[in-house]
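# Architecture and fold: a report
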Amino acid sequence: MRIVVLSGGIGGAKFLVGARAYARRTGAEVTAVVNVGDDVMLHGLRISPDLDSVMYTLGGGADPERGWGRVGETWTVKEELAAYQAEPTWFGLGDRDIATHLVRTTMLNAGYPLSAVTEALCVRWQPGIRMLPATDDRLETHVVVSDPDGGERAIHFQEWWVRHRGALPTHRFVFVGAAEATPAAGVPEAVAAADVVLIAPSNPVVSIAPILAVPGVRAALVDGPAPVVGVSPIIGDAPVRGMADRCLAVLGTPCTAGGVAGLYGARRDGGLLDGWLVDDVDADTRLDGVEVRAAPLWMSDEVATEAMVAAAVELAAAGRTEVAG
Ligand code: GDP
Ligand code: CA
């Protein structure tokens, strides 16, 4: 069986640990299509936070307490940059992490696409799944916020998220470059060959939406033969971790399992979903045209997460819904 997973960073990485366990037990293959909307250039280095969260987590190199970055990290370069008052001071890069960004940036400057760079980095980390960026093109999530003088301005998602904790009067998210972006090498092929596509319980607004904003990725999912099953990142009206509630509020979408399902939409009505997996506490969730099932959705450990993946794959076995008209 071939499983494609759409993934953001930390939540997606946790889910992929369960997907890898499921694959090892059943002989399945997993390909992750990972968000690049969070990517940013800092100090001349290309940072890919979600790709790195997935790579470090699956490769056993992530810091389990912090949830992002490298275990055993040190911060000498950060301190030295601060001594120069080098901006931005609100984004900390660890010494070990910087080596990844140096290798990535050097390869990108030499002309390799991000997908090839990711593959090269994975030779070290051996994540046990195939990792693909959603696109090799530039795609950045920007956030339109109110200016103190009454106007509007767009800031990079990282500045909104890390520096301001999403706590600014916010109007909308813009996926700069998405409309012109094409899927990374291997993405359309992986989706076309998939038996099932899972949407990880990642942030729907700033992790999954930028993947779907690449027209060729969305088309591959809509036209492909595989059923699409989403896993809710919201349990009992609250994001389990992170600030998905702030992002959903900007869209005016309720922070509920049903609200997120509505964002993705039913395949029958031009959306993506054939199935939607919610937590047991949200078992009364309904979306017309979508098969909804409930299971425990806390990714507390690998065993619990593997069971979530198994439930999602089982839901996919219910098959694809008919497209109306
Ligand atoms: P990021 O890119 O690092 O922000 O990570 P993702 O977008 O991949 O995932 C973040 C989302 O994961 C959060 O907004 C939570 O809603 C969700 N999440 C985190 N832990 C859990 C969990 O145990 N269960 C479920 N269902 N969702 C979770
Ligand atoms: Ca992210």
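Remember, predicted model here, so these are calculated numbers, not experimental data.

## Looking at the pattern of salt bridges
As enumerated under the stated definition, the model contains eleven salt bridges in all. Residue Arg25 is joined to Glu306 by a salt bridge in which the shortest nitrogen-to-oxygen separation is 2.4 Å. Of the two residues, Arg25 sits in helix 1 (residues 10–26) while Glu306 sits in helix 12 (residues 302–316), which places them 281 residues apart along the sequence. Classification of Glu306 by relative accessible area gives buried; the value is 16%. Arg293 serves as the salt-bridge partner of Glu291, at 3.5 Å between the closest nitrogen and oxygen. In this structure Glu291 comes out as partly exposed when scored by relative accessible area, which is 37%. Among the residues examined, Arg293 registers a relative accessible area of 30% and is labelled partly exposed.

## Let's talk about the packing of aromatic side chains
Here the structure, examined in full by the defined rule, presents eight aromatic pairs. Taken together, a centroid distance of 6.2 Å and an interplanar angle of 35° make the contact between Phe157 and Trp160 tilted. With Phe157 and Trp160 both in helix 6 (residues 157–163), this residue pair falls three residues apart, about one helical turn. No difference in accessibility class separates Phe157 from Trp160, as the two residues are buried. With 5.9 Å between their ring centres and 70° between their planes, Tyr264 and Trp276 make a pair best called edge-to-face. Of this pair, Tyr264 sits in helix 11 (residues 257–264) while Trp276 sits in strand 13 (residues 275–279), and the two are twelve residues apart along the sequence.

## Quick word on the environment of Ala116
Summarising the element assignment, Ala116 is placed in helix 5 (residues 114–125). Between the C-alpha atoms of Ala116 and Gly27, which are 89 residues apart in sequence, the distance is 25 Å.

## Focus on the coordination of the calcium ion (ligand 2)
In this structure, Asp38 (OD), Asp50 (OD) and Asp50 (OD) serve as the protein donors to the calcium ion (ligand 2), at separations of 2.1 to 2.6 Å. A residue pair is termed long-range when its members are at least 10 positions apart, and Asp38 in the loop between strand 2 (29–34) and strand 3 (40–42) and Asp50 in helix 2 (residues 49–58) qualify at twelve residues. For the pair Asp38 and Asp50, one class covers both residues: buried.

The rules behind each value
Residues numbered from 1 in each chain as written. Chains lettered and ligands numbered in written order. Predicted model: local features only at pLDDT ≥ 70, side-chain atom pairs only at ≥ 80, totals over all residues. Heavy atoms only, no water. Salt bridge = Lys/Arg side-chain N within 4 Å of Asp/Glu carboxyl O. Helix = DSSP H or I, 4+ residues; strand = E, 2+ residues; numbered from the N terminus. Buried < 20%, exposed > 50% of the residue type's maximum accessible area, 1.4 Å probe, protein only. Phe/Tyr/Trp six-rings, centres within 6.5 Å; stacked < 30°, edge-to-face > 60°. Donors = N, O, S within 2.8 Å, 3.2 Å for Na, K, Ca; no water.

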